[in-house]
Structures are given as C-alpha cells and as structure tokens.
Amino acid sequence: MTVPTELLALREQIDALDQQLFSVLAERFKVTAQVGELKKKFQLPAQDVAREAQQLEKTAKLIADAGLNAEFALRVQRLILDEVVAQHKQC
C-alpha cells in the first residue's frame, strides 16, 4: 500500500511538532528543578497550592484562546504540575 505524499508531509509536521513539544517540556522541567532547589534552600514546601490554582487558571485561558479540548488540556497541565511536585519532594 502506497502512503499518499500529503499524509507523509503531515506526519513529518507532526514529528517536528512533537520534537518541539518535548524540547519545551524538557526546558520547563530544567527551570522547575531550579525552583525545587530554591524551595529546599529556603525550606519551602514542595507544593504551592495557591500557585497551582493560578497556573490552572492561566491554563484555562490559554486553552480557550487556543481552541483546545479543555478537559484534555487541564489533564495535561495537572500531570505536569504533579510531576513538578514529585521532583520538588526529591530535592
């Protein structure tokens, strides 16, 4: 079965976007690791519930602006926040 050229081109775009997505995510975790070290240094709790609420509120606006599925995007944001907290607890 021959794959249409248009489909191959779209798959290449998806691959490039995935690379960008995970590069940005890796960069985000580098920054949050620095946050975790500062929290440890200043003996702050690993989780900041008020900050998380602010982040989720910002995410909701970004979701609306981008036209994304809100339930999905908030699950992704929650997953990211949970991973950050887990990393901060390991500091």
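Residue numbering note: each chain is counted from 1, following its sequence as written. Given that the model is predicted, a residue must reach a pLDDT of at least 70 before its local features are reported, and side-chain atom pairs must reach 80 or more before they are shown or counted; all residues, however, enter totals for whole chains, interfaces and linings. For the side-chain quantities, the full set of heavy atoms in the structure was used; hydrogens and water were omitted.

Focus: the overall build of the protein chain
Going along the chain from the N terminus, every DSSP run of H or I of four or more residues is numbered as a helix, and every run of E of two or more is numbered as a strand. Per the secondary structure count, the protein chain includes 3 helices and 0 strands. C-alpha atoms of the protein chain, sized along the principal axes, occupy 60 × 25 × 20 Å. With 91 residues in all, the protein chain has 18% of them scored as buried. Computed with the Shrake-Rupley method and a 1.4 Å probe, the accessible areas treat only the protein chains shown as cover for residues. Accessible surface, the protein chain as shown: approximately 7400 Å² in total, 62% of it carbon and sulfur. Type-normalised accessible area, obtained with a 1.4 Å probe on protein chains alone, sets the label of each residue: buried when under 20%, exposed when over 50%, and partly exposed for intermediate values.

Digging into unusual backbone geometry
One non-glycine residue, Gln 43, lies in positive phi territory at about 55 degrees. Within the secondary structure layout, Gln 43 lies in the loop between α1 (5-41) and α2 (49-66).

Quick word on the confidence of the model for the protein chain
For residues with low pLDDT, the predicted coordinates do not support detailed interpretation. Values of pLDDT, the confidence the predictor places in each residue, fall between 0 and 100. Residues with a pLDDT of 70 or more make up 100% of the protein chain, whose mean pLDDT is 96. Confidence scores differ between elements of the protein chain, with α2 showing the lowest mean pLDDT of 94 and α1 the highest of 98.

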